[in-house]
Amino acid sequence: MELRTVEELMDLLYACRGTRDVQGHDRAPVDAHDHALRTAALLRRGRPADKELQAAGLVRPVGRLLWPGEPAARADRVADAVRALLGERVAGLVRLRPRYGLPADDDLLALRAAEEEARTVCFDAGVLEDWRTVLELLAARNSRLRMVD
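Treat the numbers as computed from the prediction; the structure is a model and nothing was measured. (Residues numbered from 1 in each chain as written. Predicted model: local features only at pLDDT ≥ 70, side-chain atom pairs only at ≥ 80, totals over all residues. Heavy atoms only, no water.)

Caption draft 1: Structural context of the packing of aromatic side chains. Applying the stated criterion to the full structure yields zero aromatic pairs. If you follow R44 out to its NZ or CZ, it ends over the ring of W131, 3.8 Å from the centre. Cation over ring: R45 sits above F123, and NZ or CZ is 4.5 Å from the ring centre. (Phe/Tyr/Trp six-rings, centres within 6.5 Å; stacked < 30°, edge-to-face > 60°. Lys NZ or Arg CZ within 6 Å of the ring centre and 35° of its normal.)

Written out as structure tokens, the structure is:
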């Protein structure tokens, strides 16, 4: 599946409400929608200019909806789904998703830290609609880049 519009992506992100995300046996489940909003908000605070990193933190939960029974391949498939819309860097960050024990650059370390912190902190991260403009800007920039190629 390939997401072609920001509206399709927003619909999927809205559908993540109430979906429980469990990572690891020792962790309590969290609402995937809320976790994604908190992750993106934390990344916005830490790296306000890096919209692609923020988007990578936001879009990860759509994999649970699109491929519920395939956790091992989920990151790859989400990356493939958002590549055409949000670009190669966002897809790469989603695909390489921060995993403990694997080498990581600064971007992946920031993503990992935000995902971890978003599991334990509770704050008002806003609403999904706050992210529409960021996603539209990335999609517009990516579509212009594809025209040049």
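Caption draft 2: How the structure looks around the packing of helix α5 (residues 74–86) against helix α6 (residues 88–95). Taken N-terminus to C-terminus, the directions of α5 and α6 make an angle of 170 degrees; their axes are 7 Å apart at the nearest point. Here α5 is positioned roughly antiparallel relative to α6, judged by the angle of their axes. In this structure, α5 uses A75, D76, V78, A79, D80, V82, R83 and L86 to contact α6, whose residues at the interface are E88, V90, A91, V94 and R95. Of the residues contributing to the contact of α5 with α6, the split by class is eight nonpolar, no polar and five charged. (Axes fitted to C-alpha atoms, helices over the stretch in contact; angles between N-to-C directions. Helix = DSSP H or I, 4+ residues; strand = E, 2+ residues; numbered from the N terminus. Parallel < 35°, antiparallel > 145°, perpendicular 65-115°, else oblique. Contact = heavy atoms within 4.5 Å. Nonpolar A, V, L, I, M, F, W, Y, C, P; charged D, E, K, R; others polar.)

Caption draft 3: Focus on the pattern of salt bridges. Considering all chains together, one arrives at 14 salt bridges under this definition. We note a salt bridge from R4 to E2, for which the minimum N-O separation is 2.8 Å. Given a relative accessible area of 35%, E2 falls into the partly exposed group. For R132, the salt bridge is made with E129, and the minimal N-O distance between the two is 2.3 Å. Within this structure, R47, D50, E52, R89, D107 and R141 form a network of salt bridges that share partners. (Salt bridge = Lys/Arg side-chain N within 4 Å of Asp/Glu carboxyl O. Buried < 20%, exposed > 50% of the residue type's maximum accessible area, 1.4 Å probe, protein only.)

Caption draft 4: Looking closely at the environment of H33. In this fold, H33 is placed in helix α2 (residues 32–46). Since its relative accessible area comes to 7%, H33 is described here as buried. For the pair H33 and L12, spaced 21 residues apart in the sequence, the C-alpha separation amounts to 10.0 Å. Non-local contacts of H33, meaning those with residues more than four positions away in its chain, are made with L13, Y14, C16, R17 and L128.

Caption draft 5: View of α2. Taking 1.5 Å per residue as the helical rise, α2 with its 15 residues ought to reach 21 Å, and the 21 Å between its terminal C-alpha atoms agrees with that figure. Among the 15 residues of α2, 11 are classified as buried, and the element is accordingly described as predominantly covered. Along α2, the residues that are buried comprise A32, H33, H35, A36, L37, R38, T39, A40, A41, L42 and L43. (Expected span 1.5 Å × (residues − 1).)

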